[in-house]
Amino acid sequence: MSMLGGKDRERQAVAAEHIPWPQKSPTSCPISSVKARLRTAGLRPTRQRMALGWLLFAKGDRHVSAEMLYEEALRAREPLSLATVYNTLRQFSEAGLLRQVSVSGPKTFFDTNVSEHHHFYNEDDETVTDIPGSMIQVSGLPEAPEGMEIASVEVIVRLRQADGTIVERKRVSGQHA
């Protein structure tokens with residue numbers, strides 16, 4: 001349940017209406033769509049942003065960590081640093097192209113689906129899955145302190161194996177994700 005301020009809400013609504021993604025015509029150029037999406041969001045389409053935008057948005061709605069995207073960039077032979085990936089994900093989030101989903105301490109995923117919805121987080125394999133926004137009703141919110149407004153409410157439902165089975169976690173660069 002998102003309660004964005006007026007300016008942010010308008011910016012996201014305009015961006016969502018004018019972003020030519022996903023492609024509706026197989027003859028259109030996906031790179032041009034990434035470039036248009038970045039420009040619509042107010043970002044200059046640098047080589048790094050274009051490469052990461054292509055990796056992020058070409059596969060539909062998904063949840064990735066910075067480390068996962070960095071590994072994808074390496075496999076795609078894109079010469080990017082992990083710091084560049086983090087900075088670009090932050091810029092994409094600030095521009096309304098991604099949602100940040102903080103699941104556990106510093107563990108953050110970036111969601112390409114910016115519509116109102118919630119998430120399941122599987123603690124066993126460290127994956128994030130969407131829950132449609134209409135499936136959860138949030139009520140009884142406290143009043144925001146004076147001079148403040150509630151920007152959003154995000155529900156993360158944590159999951160684990162019910163039978164106690166231990167599941168091998170996904171690995172990124174030989175480390176646990």
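Residues numbered from 1 in each chain as written. Predicted model: local features only at pLDDT ≥ 70, side-chain atom pairs only at ≥ 80, totals over all residues. Heavy atoms only, no water.

1. Regarding the nonpolar core
Proteins that are soluble and globular tend to have nonpolar side chains buried together. If you look at the biggest cluster of nonpolar residues, it comprises 21 residues, and the most contacted ones within it are Leu56, Leu69, Leu89 and Phe92. Broken down by secondary-structure element, the contributors of at least two residues to this core are helix H2 (30-40), helix H3 (47-57), helix H4 (66-75) and helix H5 (82-94). Sort the elements by how many residues they give to this core and H3 lands first, with 5 residues. Beyond its immediate stretch of four places on either side in the chain, Leu56 contacts Arg62, Val64, Leu69, Leu89, Phe92, Leu98 and Thr112. Ranked by size, the runner-up nonpolar core spans 5 residues in total, among them Val101, Val103, Phe109 and Val128. (Core = buried A, V, L, I, M, F, W, Y, C linked by side-chain atoms within 4.5 Å. Buried < 20%, exposed > 50% of the residue type's maximum accessible area, 1.4 Å probe, protein only. Helix = DSSP H or I, 4+ residues; strand = E, 2+ residues; numbered from the N terminus. Contact = heavy atoms within 4.5 Å.)

2. With respect to the sheet that holds strand S3 (residues 107-111)
Strand order in this open sheet of 3 strands is S1-S3-S2, and the pairing throughout is antiparallel. Taken across any chain shown, the strands that pair with only one partner, and hence form the sheet edges, are strand S1 (63-64) and strand S2 (99-104). Here S2 pairs with S3 via 5 bridges, running antiparallel. Residue pairing across strands places Val101 opposite Phe109, the latter belonging to S3. (Pairing = 2+ DSSP bridges.)

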